[in-house]
Each structure stands twice: as structure tokens, then as C-alpha cells.
2 protein chains.
Amino acid sequence: MSDQYAITGGHVLAPDFEVREADVLVDRAAGTVVEVGDVTAEETLDASDSLVMPGLVNAHTHVAMTLLRGHADDKPLDAWLEEDIWPVEAELTPEDIRIGTELGLLEFIKNGITGFADSYFEVGEIAAATEASGLRANLCHAFITIGKDDEAARADAQEGLEVAREFDHTANGRITTALMPHSLTTAETDYLEEFVPQARESDIPLHFHANETENEVGPIVAEHGVRPLEYADDLGMLTEDDFLAHCVHIDETELELLAARGASVIHCPASNMKLASGIAPIQQLLDAGVNVGLGTDGAASNNDLDLFDEIRDAAMIGKLARGDARDVAAEDAVRMATEGSAKAIGLPVGRLEAGGTADLVVVDFDAPHLTPVHDYVSHLAYAVRGADVRHTICDGQQLMVDREVQTLDEQAIKQQASEAAAGLIERAG
Amino acid sequence: MSDQYAITGGHVLAPDFEVREADVLVDRAAGTVVEVGDVTAEETLDASDSLVMPGLVNAHTHVAMTLLRGHADDKPLDAWLEEDIWPVEAELTPEDIRIGTELGLLEFIKNGITGFADSYFEVGEIAAATEASGLRANLCHAFITIGKDDEAARADAQEGLEVAREFDHTANGRITTALMPHSLTTAETDYLEEFVPQARESDIPLHFHANETENEVGPIVAEHGVRPLEYADDLGMLTEDDFLAHCVHIDETELELLAARGASVIHCPASNMKLASGIAPIQQLLDAGVNVGLGTDGAASNNDLDLFDEIRDAAMIGKLARGDARDVAAEDAVRMATEGSAKAIGLPVGRLEAGGTADLVVVDFDAPHLTPVHDYVSHLAYAVRGADVRHTICDGQQLMVDREVQTLDEQAIKQQASEAAAGLIERAG
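Now for a quick tour of the structure. Here the structure is a predicted model, which means the values were calculated and not measured.

Here a disulfide denotes one covalent bond, and it connects the sulfur atoms of two cysteines. All names here are of chain A. In this structure the tally under the stated criterion is zero disulfides over all chains. Lacking any disulfide linkage, Cys247 is separated from the closest cysteine sulfur, that of Cys268, by 9.7 Å. Counting only cysteine sulfurs, Cys140 is the nearest neighbor of Cys394, a cysteine outside any disulfide, at a range of 19 Å.

As C-alpha cells, this is what we get:
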């Protein structure tokens, strides 16, 4: 019995989005929900005035970029990358990546994010920090071939493939991987043709940036005579296992292609606003049956890692997109951040039900800004923030209890991150 | 000396948006900042790892609508008002208004809002709750004449005027008032011609909804042959004292008219997104020299009362509006929520400086999502939330200390509000 504990006294959000009073029995060793209902256990976790729901899944991020949070704002994507981000990233040491990752994971846990999909470099550091944090993740090394000679290009793609193979199914299965061609314009055709099939042989999905800005569309159309996602489809990159970040600038043909092939779209509304990339056609994607997940993108273009913001942002700009207040309703937005993201990045989570994985969060509704409660799901979409999360559980383990993170040293990480960031900016001049 | 206390150990945000280490000496009786610098006092308020800044001013809200928070979402403005909001509002008792107001004021204080402009009805209840809370406000009774016979229409306008006269300069000067014709389409010309001059005689400004949706533009153009703000200008409604909520659908002529006459615009980005009203041309207004403030609008179309959200939303959708990431930069967004709002609604606040009013908040920067600090102002715009506010001070009085509200009973208000909301929905059927 000591491997079990009960989350008691609260309400639960069922997979059908009905909310009812129930306790949740968790098996710590198995990492599963044993029962949802009227249960008892010696060990309990209080959920009075709270809602127990699936942990949020941040389906597109660059977690180590927390060190660059607020370093540069209010600039368009290309100038921001070239003038502010890349010069600093060039100075990042493996130690910086480790510290930045730990800071991001700390923020994830505090905000009720239990799983994520990351793409960056020095993935060994990111994997080690993820394993220690207790979180679940899909990780990858983003490879870029453009502007490199063939040897360097092939080496980067090869590293992407090797990293994916090395870390897949590590950390007791909590870490899986993807192959990430950085984007359709920065990873060239020859390398896609060579490496994508190798990922397929190893059962490794693809994760890539797609159609984030108009600048990613024109060059593909000019070179290949088709839209970017038609080009990706020709290369076999839109399977049910694959997930595409952004998809802001897609046309009707590409939307239908996504629906037909089964690839998922990761919507990053905050990043798309902040970099003025535009609004992705999310309601149209949902209507077409495309699976949509949500991501924060990196902290440098957000500037925090609170997926409740993205839920709210998705619902909010979803209505602006075509001027219809019915679009991207509360339930759809919450589902994107849970089941949608989980399905997209291949994590066995996102639904709270007996027999399912115990990746759960307990959200405190006893707050002025969540009073009264006419509708729990409305509050999750429009009023709950990461700071309202009381407990965070991943794979049955309690990662945060009453806002105290159990697996990471909050004070030490904040201090190390501040020091690392200061050193980084100094080195980057 | 006992009337003075020092806020010590933190950084301060100066009116020029420079941030530096400094203490702040406050005179409680005078409600003023005595000195910013290296000060001592027997009584201190800790600001370690924190930023002391002007209190936020929520320049357009309907505070009692907290009771309807999350009651109905994902519907366009007209259907939402007619089907969901008005039927419930018809059941509101003065007691409901009082409780809803207290809940909203509690949320304001917790989120660092020290001043606000409200428009609703039963203003006596709102004024009493405001006085007890210690906050500063501009209040008004919104009058509607359309669909009423002349007697009822005149009575409503008269009530608007009398309420404005009755509560102006009450609560030791913390409460001022406005005359509020609900909007240019719901308050008719005859009544505007009769009552606006009477407000001027009493030195009472105008606060009204303007050009929120396209539906408010067409009828004016059809009836008067000019754009709504040209019509308002003909009626003398765009003086430097007046403030117009929304202004989403304004054309170049109206923008120039606002700049020429000096009226302020209150931007409500969350409400404009949630009701799919559109995006107001904020960067163009700023470029033209129009003063812009920020408002949450009512909690029913937001769904919370956290003005830090509006700062972030303003910066975010400001970039979407014309696809330029440089638009509505962090500093401009923060200034709108402080000095911009204060100037708009006529409160003598919004700048932290010696000799100025002591309407201040202390924001805790010792949190993972605010680490590292490359730029305080960037964090204020993109990462700080209401929950990061430690202390809230209005008119020199400490309304919240270390997140404990001093002037209102948080537990009692939450419980009363939940009960009142349940009763209200039951009565509204």
C-alpha cells in the first residue's frame, strides 16, 4: 500500500471534460492512476477547493533559452535572431545549457507542465537535467545545413540522428526523441532525403519548424514550385508521428494535406504574436480534424513558460483570426494543452482516467480571481495561471507539493541562472 | 516620524523608466512619497529582490461583474449581452453589486491595481465598497436612453448626472466621477445635448464606450452622415478631460480628431479579443500623440482583473495589428497601465517620484519565471503577473502586505461572492 497515495477532496476533469467530485488513487511505482472515485489510502495529497486535471504538455520549446529571457524584445524574427539571439547562443557553454534547462524545468513544474518537447543543442545536458527533474520529454538536436559545407552539414544532421537514437527511451522511458531538421528552409533537400528515412527506420518521429513566417514560404515556392507542406509531404515528413511547430502561414491545400496525412500542428500563439509572425488558422485546423498541441516556444520570445497563458492566448487570438468569438472555445483550448499536445509529441499522457498515466496537476480554485466558479473549464482557459497550480505529479512522482518543488533546488537554480546569464552577456559583448 | 515608513532594499522604476537601487520614504498621513533615495525610517516595508513602481490604474472596468466571471464565454458581443449578461444583470440586487464589487476590489489589490475607472449602476454600493477598500477611483452611472420613453430616458441620464455630482471628491478625495453616456448609439443625441453641458458646468469629465465594434459605427454614419467620433466632437465630447473606452474601429480622421482635441483612449485588449471586436490601432494612436490608458473591462469578458495581462496583451496584439514586432514596445505598454491610465481618468498618480502621490506597488522579482533579470521593464510587460505583487499601497496606506490584504476580508468575500453568484444564476433561471 505504501506505493499508493490518494489525491482527495477535490474535483476532477474527466477526458470528456465533465467535472465532478472525486478522489484519485495513484500508484507511485507503476506511475499510473489506479482509480478515480471514492478511494482511501494512508498517504494523501489534499485537493480541497481544487481541480485535479491532466498535467499540461508544452509541445514546442527551447528550454535552455530561459537564460535569454528578456534579453531582447520588440524586434522582428530575423533581426532578433541575427542581432540578439545567435550572437549570445554562440557563447553558450554546456554548463549554461544545463543551468538554463534546470531553470526552465523548475518553471515548468511550478506552472503545472509535466511533459514537453524540446529542440536545441547539447542535448546530453538537457536529457540529464530532465531525468533529474522527474519530467517527461521528447528531446532533439536541431540540425541546420544551410550555409555549411557538406561535411559540416552532414555532421550536424548525423548528430541529430545519433542524439535521437542515444536518448530514445531513456530515463525509465520518460525521455523519447525526435529528429529535427530545424526548418524546411534551413535543412536542405539532400539531407532531408538522406536522414529522414533513417529516423523512420529507428521509429523516431520528426519535429520541425514549419511556415512560421512568410519568409519560410517564398523560398520553397520559388525553388520547388509547391507550397512548403507539399514539399514536406513529397519527402514523407507529414506522418501521424510527426509534429510541426507554428504553421502560421499555411494555405487550404496544406491544411488538407495535414488532415489527410495525420501530422500534428503545435500552436505557439505568444511567440507568434511577440515576433509578429501572425495568427495560425487553428479553428480551421480543428474543423479539418488536424490534431493541435500548444507550445510556449522559447522563453526569449514569450517571455515565460506558463502554458496556461498559451491556452488563454490560443482562445483569445483564435477569435481575432476571423472575427468570430465562437472560435477556439475554452474546452478546445484546454484540450490542445493536454491531450492534443500529448498525442502530438507521442507522450502517453493527457487524460485523467483509471489505468492511465499519473501525470497530473492539482489547481487551486480558492482565489479571488477564480471566484465564483460557474464553469471550471472556462476558468482553466481564461483565468487560471501557472501560479495557481498547487501540486505537480509526473509518472506518479510528486514533483511539487504545495508549491514546493521536490526534485530541484529552486534557490540554487535561480542564483546559478542569474550568474550564468550575466556571464553570458558579458562574454557576448 | 510615525506617519512615515520606508520601502527598503529594492529597485525603483522612475518616471523616465530608468531602474535603480533606491528606498522610498512614504508619508502615510499626506499620502505622498517624501523621498526616493537612501532613506531611513523606524517602520519599513521590505522590497528585497523587488521593484517598487507606480500602482497600476485600470482605466475601464465594470467591477461588480466579477459575479458573472465565466458565466458565458465564446460568444459574440451582441448575443452574449442579450442572451447571457443582461438577463442575469436584471436580477442583480444592490447587495449583489456590493459583493461583486468587493470581490473585484480584492482582486485589484492582489494584482497591484491601486486606481480604476468604473461604470455600472447602483454606484452608491460601489462607492461605499471603494471607500472601505482604500482604493482610488473614478466612478459613474452608465445611462442608456435608447428603447425608453422620454421620461425614463431623462431619468436615467439625470441619475447619471446626480451620481456624478454626489460622489465627486468623496472618500477624502480618492473618489471622483464621470458622466457616462453608455455609448454613442445607446445614449441619443437629445440627451447628450442636454446633459453633457451640465457635466461640464460641474467640471465632471465624460467616460463612454466608443467604436468598440463595427455595429457602433454604421448606425451613426447612417443617421448623422459622419463617423462616430466626428459626431461626438460636434457634441463637445472629446475634451482633454474625457476618456473613451475601446476605439477599435476608428479611421484616420477620428484618430486625428482625438489627437487634436486631447481626449484619451482606453485600450481593453483582452475584452476586444474575447468578444472578437478586433484590434485597436494603438501604435498609430501613440504616434499621433494620443494619450492611451489600459483597462480590463468587466471580468465577464476577460475573465480576470489582472492589468499585467492587459500590458502583455497590449504589447502582443499591438505587434499583430500591422505585423510589426517593434510596435507597442514593452515600455509603452507599461506606461499605458500607469501614467497613461492615470492621466486618462484624472487621477493624480502613475509616477513614482518625490512629492508625488504614494500609490505604489512592490513586485517580487525573486521567482523562476522572472530569472534572470536582463531588463526589469521587459519583465513587467512580458512575464510579471498580478500574483507577483507583494505589497500594494494607495494614498500612502498599505492595502496589501506580503500578499495579505489589510482592508478587506478575503475569505469572507470569496464565500459571500460564491453564494451571491449561485443565487443570482438560480434567480435568472
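With that settled, consider the interface of chain B and chain A. Facing the 63 residues of chain B at the interface are 63 residues of chain A. For the chain B and chain A pair, buried surface summed over both sides reaches about 4,400 Å², with 61% attributable to carbon and sulfur atoms. Counting the surface chain B buries against chain A, the share from its top three residues, Asp74, Pro368 and His374 of chain B, is 15%. Inspection of the region where chain B meets chain A yields 12 salt bridges. A salt bridge links Asp304 of chain A to Arg385 of chain B, with the shortest nitrogen-to-oxygen separation between them at 2.8 Å. Between the two partners, chain B and chain A, sit 26 residue pairs in polar contact (both at pLDDT 80 or more). Among the elements that line the side of chain B that touches chain A, the one with the most residues is helix H11 (residues 307-321) of chain B, at eight residues.

Relative to the assigned elements, Lys274 of chain B resides in helix H9 (residues 269-274). Residue Lys274 of chain B is classed as buried on the basis of its relative accessible area of 2%. Among all residues touching Lys274 of chain B, those that are not within four sequence positions of it are Met316, Lys319, Ala325 and Tyr382 of chain A together with Ala72, Asp73, Ala300, Ser301, Asn302 and Asn303 of chain B.

On to the relation of the copies chain B and chain A. Screw-axis analysis of chain B against chain A gives a translation of 0.0 Å along the axis, an RMSD of 0.0 Å, and a rotation angle of 180°. The relationship between the two copies is best expressed as a two-fold rotation axis. Across chain B, the rotation axis passes nearest the C-alpha of Ala387 of chain B, at a separation of 3.7 Å. Residue by residue, 100% of the interface of chain B is reproduced at the interface of chain A, so both copies engage with the same surface.

Residues and elements named next belong to chain A. Across the sheet, which stays open at both edges, the four strands sit in the order S5-S4-S1-S6 with mixed pairing between neighbours. The two strands at the open ends of the sheet, each matched to only one other strand, are strand S5 (32-37) and strand S6 (43-46). Looking at each pair of strands side by side, their axes are set apart by 25° on average, direction ignored. Where strand S4 (residues 23-27) and S5 come together, five bridges link them in antiparallel fashion. In the strand pairing of S5, Leu25 is matched with Glu35.

This part covers the sheet that holds strand S14 (residues 243-246) of chain B. Within a sheet, adjacent strands bond to each other through the backbone by hydrogen bonds, running parallel or antiparallel. All names here are of chain B. In spatial order, the strands read S13-S14-S15-S16; together these four strands make up an open sheet with parallel pairing. Unpaired on one side and paired on the other, strand S13 (207-210) and strand S16 (292-294) mark the two borders of the sheet. Within the sheet, the average angular offset between the axes of one strand and its neighbour, ignoring direction, is 30°. In this structure, S13 lies alongside S14, joined through four bridges in parallel fashion. By the bridge assignment, His207 is partnered in S14 with Phe243. Seen against the sheet, H11 touches strand S15 (264-267) and S16 and runs at an angle of roughly 130° to S16.

This part covers the pattern of salt bridges. Scanning all chains against the criterion turns up 70 salt bridges over all chains. Close ionic contact of Arg69 of chain A with Glu107 of chain A constitutes a salt bridge, the shortest N to O distance being 2.7 Å. Taken together, the residues Arg69 of chain A in the loop between strand S8 (56-61) and helix H1 (77-89) and Glu107 of chain A in helix H2 (residues 94-110) connect sequence positions 38 residues apart. Looking at Arg69 of chain A, the relative accessible area reads 0%, which means it is buried. Here Asp313 of chain A makes a salt bridge to Arg312 of chain B, at a shortest N to O gap of 2.9 Å. Here Asp313 of chain A is found in helix H11 (residues 307-321), whereas its partner Arg312 of chain B is found in helix H11 on a different chain. Judged by relative accessible area, which is 2%, Arg312 of chain B ranks as buried. By sharing partners, the salt bridges in this structure join Asp304, Asp309 and Asp313 of chain A together with Arg312 and Arg385 of chain B into a single network.

What follows covers the environment of Ala300 of chain B. Residues and elements named next belong to chain B. Counting through the fold element by element, Ala300 comes out in the loop between S16 and H11. A relative accessible area of 1% places Ala300 in the buried class. On a C-alpha basis, the gap between Ala300 and Glu201 in space is 35 Å, while along the polypeptide they are 99 residues apart. Not counting residues up to four positions away in its chain, the partners in contact with Ala300 are Met65, Leu68, Arg69, Ala72, Trp80, Ile85 and Lys274.

Cut-offs and rules
- Residues numbered from 1 in each chain as written.
- Chains lettered and ligands numbered in written order.
- Predicted model: local features only at pLDDT ≥ 70, side-chain atom pairs only at ≥ 80, totals over all residues.
- Heavy atoms only, no water.
- Disulfide = S-S within 2.5 Å.
- Contact = heavy atoms within 4.5 Å.
- Buried area = accessible area lost by both parts, 1.4 Å probe.
- Salt bridge = Lys/Arg side-chain N within 4 Å of Asp/Glu carboxyl O.
- Polar contact = N/O pair within 3.5 Å; in protein donor to acceptor, adjacent residues only side chain to side chain.
- Helix = DSSP H or I, 4+ residues; strand = E, 2+ residues; numbered from the N terminus.
- Buried < 20%, exposed > 50% of the residue type's maximum accessible area, 1.4 Å probe, protein only.
- Least-squares fit on C-alpha atoms with pLDDT ≥ 70 in both.
- Pairing = 2+ DSSP bridges.
- Axes fitted to C-alpha atoms, helices over the stretch in contact; angles between N-to-C directions.

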